[in-house]
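# Residue-level structure breakdown
The residues making up each chain are set out below.
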Amino acid sequence: MSAARIAIENVTPEINAGRFPAKAIQTEDFVVEADIFSDGHDVLQAALVLDRGGKSVEYPMRLVDNDRWETRVQLADLGLYKYTIVAWRDLFASWSKEIRKKIEAAQDVTVEIVEGHDLVQSALAALKRGTRSKLDEYSKRLAAASNDEEKLAILLSGQLLDEMARTGIKSNLSRYDRELEVIVDRSLAGFGAWYELFPRSQSTIPGRHGTFEDVIQRLPYVKQLGFDVLYFPPIHPIGTTNRKGPNNSLIASPGDPGSPYAIGAEAGGHDAIHPELGTIEDFERLVRAAYDEGLEIALDFAIQCSPDHPWVKDHPEWFNRRPDGSIKFAENPPKKYEDIVNVEFYGSGKEEVWAALLDVVLFWIARGVKIFRVDNPHTKPFPFWEWLIAEARRVDPAVIFLAEAFTRPKIMARLAKLGFTQSYSYFTWRNEKHELQEYLTQLTQGEAKHFMRPNFFANTPDINPFYLQGSGRPGFQVRLILAATLAGSYGIYNGFEICEAAAVPGKEEYLNSEKYQLREWKLDGPGNISEDISRINRLRREHPALRSYTSLKFYNAWNDNILYYGKIDGARDSFLLFHVNLDPNSAQEFQFEVPLWEFDLPDDASVEVEDLVHGNRFTWHGKVHTLRLDPNVLPYAIWRLFPPGSGR
């Protein structure tokens with residue numbers, strides 16, 4: 001322990017003392033930080049040690065401030081990396097620092113020159129055979145030097161200092177006492193726009209059940225709106241026992257399609273297609289057609305079963321039975337779910353149940369599906385999810401799992417730590433300025449940023465938010481711009497673009513919900529916001545600043561109805577500002593600060609601006625300006641700032 005002279009503390013990311021892996025995105029910076037310090041005044045060096053499949057690589061860390069060190073690396077391969085931190089005393093850099101002080105003080109440095117030469121020789125002697133280094137060249141030059149002045153010039157050269165830092169002796173080498181892990185996902189895991197629809201409602205003929213071919217005809221529309229992911233609720237055979245009728249009624253009439261979440265019938269279970277949608281071959285053709293349009297298909301992984309599911313008959317031990325022997329329905333009083341039963345995760349058939357559910361995921365992966373939205377994962381065991389996601393990633397590390405868990409914060413966080421790639425969030429119910437600022441600051445600046453990637457759905461088939469029910473077209477524009485620009489990933493459910501808001505009175509539920517009946521959609525009618533959707537999705541693709549939600553900063557706008565924020569990617573000269581009027585009913589006038597300090601400019605400086613909605617260019621002079629946003633015209637404004645010297 002005497003060699004562990006250097007303290008390495010407060011490493012980030014480190015999730016639950018290393019129990020869970022952090023998350024990173026392929027080709028984006030993975031930032032590791034730590035407090036690193038030692039006794040005395042010696043110069044320290046530190047490095048991040050990354051291990052991929054038993055092969056280790058070191059990346060130098062840099063001192064940021066007050067003993068805080070960091071490094072940024074891009075991880076090219078998908079999957080699991082291990083990492084830790086090492087630090088050491090750099091004797092040659094310490095020697096260089098001290099001798100420069102003595103030279104400036106006009107002191108004799110004859111002995112110090114000998115010390116420097118000895119350090120080079122010692123480092124050269126300690127090199128492992130085969131190590132590439134220029135130290136031998138410097139050693140020969142020092143030996144050939146005719147006087148101390150020549151030797152000093154060689155010893156103080158920046159090139160030798162760098163070489164000694166790279167290959168010199170690592171004195172008092174200390175290693176962080178934990179080996180940590182990070183999971184690297186593809187880009188779509190952290191940045192993507194989702195569009196949800198029910199395939200059965202995509203027919204252009206009134207009253208006819210939609211098919212996968214109908215969905216193929218809709219693909220250009222979805223792509224034109226600028227989406228990346230097309231997500232379907234369950235597409236499996238629907239049971240008939242206790243089938244639900246329109247508006248969740250307990251009695252269905254002949255011809256009622258039932259809820260797609262009552263999975264399983266004579267035609268099959270979770271690895272089958274509802275016959276009226278088409279065949280497996282039709283589905284595979286749809287997946288290929290979507291890829292041709294630049295879209296990926298996401299499927300709903302809902303574990304519950306209809307009483308008619310083949311598993312109920314073939315594996316009765318997989319289900320929970322009541323004392324009278326009857327199967328237990330998925331009841332949630334006062335809600336009634338007699339059309340659904342749940343598998344028993346810790347019953348006598350535990351191992352078979354877990355294996356069968358993994359087989360379902362692998363079945364669809366083999367058919368081109370790499371994205372799964374998981375229904376209510378918080379009602380299933382944590383160990384099951386950790387195991388299943390890890391097993392699926394071994395087969396295909398590109399797979400993405402979105403947790404639909406509108407539950408308590410610590411449970412949501414635990415699911416993200418266990419392996420879920422993305423998470424639904426509380427965004428749907430955050431409407432006020434202070435609520436949004438507090439919640440987004442927590443997500444983007446707290447520990448959660450290392451393991452939880454929120455996907456901001458503005459609405460879902462299950463949630464018709466009260467805000468949208470009474471806000472009209474401006475309210476939909478507001479929630480769209482917030483969802484699409486505050487988060488990296490966001491989604492809307494079919495009908496959002498036409499401001500569909502008809503609700504069951506007093507509830508956050510859609511009237512005539514598509515979950516229980518077929519719907520006919522005319523998505524190009526008057527008052528639609530398709531232009532807004534296309535514009536914002538285009539800006540998301542064009543501007544690097546929008547790719548990372550952790551770059552979010554809130555700025556001063558002196559009006560509680562105005563949310564004012566920005567995102568910046570300094571490395572790629574991308575700085576966007578947003579003003580959003582949260583009041584969908586009234587125009588708001590306000591003063592706001594231009595964040596000139598982000599460019600190290602004084603308060604009276606000027607900055608060039610582009611209005612990304614209307615396309616005009618102009619200059620903001622000074623820090624404080626006034627703006628008015630009328631929701632009946634447009635409730636938001638988007639600006640791009642050009643820093644001085646950008647050449648724009």
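Residues numbered from 1 in each chain as written. Predicted model: local features only at pLDDT ≥ 70, side-chain atom pairs only at ≥ 80, totals over all residues. Heavy atoms only, no water.

How we decide: UniProt positions are given in the numbering used here, feature names are shortened, and annotations may be inferred rather than shown by experiment.
Where an unreviewed UniProt entry is consulted, the protein appears under the name Alpha-1,4-glucan:maltose-1-phosphate maltosyltransferase, with the organism given as Phyllobacterium endophyticum. If you open the UniProt record of the protein and go to Sequence similarities (unreviewed entry), you find "Belongs to the glycosyl hydrolase 13 family. GlgE subfamily." Looking at the protein in UniProt, the text filed under Subunit (unreviewed entry) is "Homodimer."

### Brief notes about the packing of helix α1 (residues 91-104) against helix α5 (residues 158-167)
Cut-off, in case you're wondering: Axis lines are fitted to C-alpha atoms, over the contacting stretch for helices. Their N-to-C directions set the angle, which ranges from 0 to 180 degrees. For the purposes of this entry, the term helix denotes a DSSP run of H or I that reaches at least four residues, the term strand denotes a run of E that reaches at least two, and both are numbered from the N terminus. When checking whether two residues touch, look at their non-hydrogen atoms; a contact exists if any pair is within 4.5 Å. Throughout this entry, Asp, Glu, Lys and Arg are counted as charged residues, while Ala, Val, Leu, Ile, Met, Phe, Trp, Tyr, Cys and Pro are counted as nonpolar. The remaining residues, Gly among them, count as polar.
With their axes 8 Å apart at the nearest point, α1 and α5 run at an angle of 150° to one another. Between α1 and α5, the contacting residues are Phe92, Ala93 and Ser96 on the first element and Leu160, Leu161 and Met164 on the second. Per-class residue counts for the contact of α1 with α5 are five nonpolar, one polar and no charged.

### Some points on the domain arrangement of the protein
The line we're drawing: The split of the chain into domains comes from an automatic or database domain assignment.
The domain architecture assigned to the protein consists of domain 1 (1-90 + 173-185), domain 2 (91-167) and domain 3 (552-642). Computed from C-alpha coordinates alone, the two centres of domain 1 and domain 3 are separated by 37 Å.

### Some points on the environment of Pro257
Looking at where Pro257 falls in the secondary structure, it is placed in the loop between β12 (229-232) and α7 (280-292). C-alpha separation for the pair Pro257 and Leu518, spaced 261 residues apart in sequence, amounts to 7.4 Å. With sequence-adjacent residues up to four places away left out, Pro257 is seen in contact with Arg200, Ile238, Arg243, Tyr516, Gln517 and Leu518.

### Topic: the UniProt feature "site: Transition state stabilizer" (unreviewed entry) in the protein
What UniProt calls "site: Transition state stabilizer" (unreviewed entry) maps, in this numbering, to Asp462. Its place among the elements puts Asp462 in the loop between β17 (455-457) and α13 (466-469).

### Some words on the sheet that holds strand β23 (residues 606-611)
Operational definition: Strands pair, by our definition, only if DSSP identifies at least two bridges between them.
Reading across from one edge, β19-β20-β21-β26-β23-β24 is the order of the six strands in this open sheet, with antiparallel pairing throughout. With partners counted over all chains shown, the strands left at the sheet margins are β19 (553-554) and β24 (617-621), one partner each. As defined by bridge partners, β23 adjoins strand β26 (residues 636-642) across four bridges and the pair is classed as antiparallel. Its bridge partner lying in β26, Glu610 is registered against Arg640.

### Here we look at the side chain of Thr167
Applicable threshold: Exposure is judged per residue with a 1.4 Å probe applied to protein chains only, and the accessible area is read against the type maximum: over 50% gives exposed, under 20% gives buried, and values in between give partly exposed. Side-chain atoms alone can form a polar contact between residues adjacent in sequence; in general such a contact is a pair of N or O atoms within 3.5 Å, and within protein one must be able to donate a hydrogen while the other accepts it.
By the element assignment, Thr167 lies in helix α5. Accessibility expressed as a relative area gives 11% for Thr167, which makes it buried. A distance of 3.3 Å separates polar atoms of two side chains, one belonging to Thr167 and the other to Ser133. What Thr167 contacts, discounting residues up to four positions off in sequence, is Leu127, Arg132, Ser133 and Leu135.

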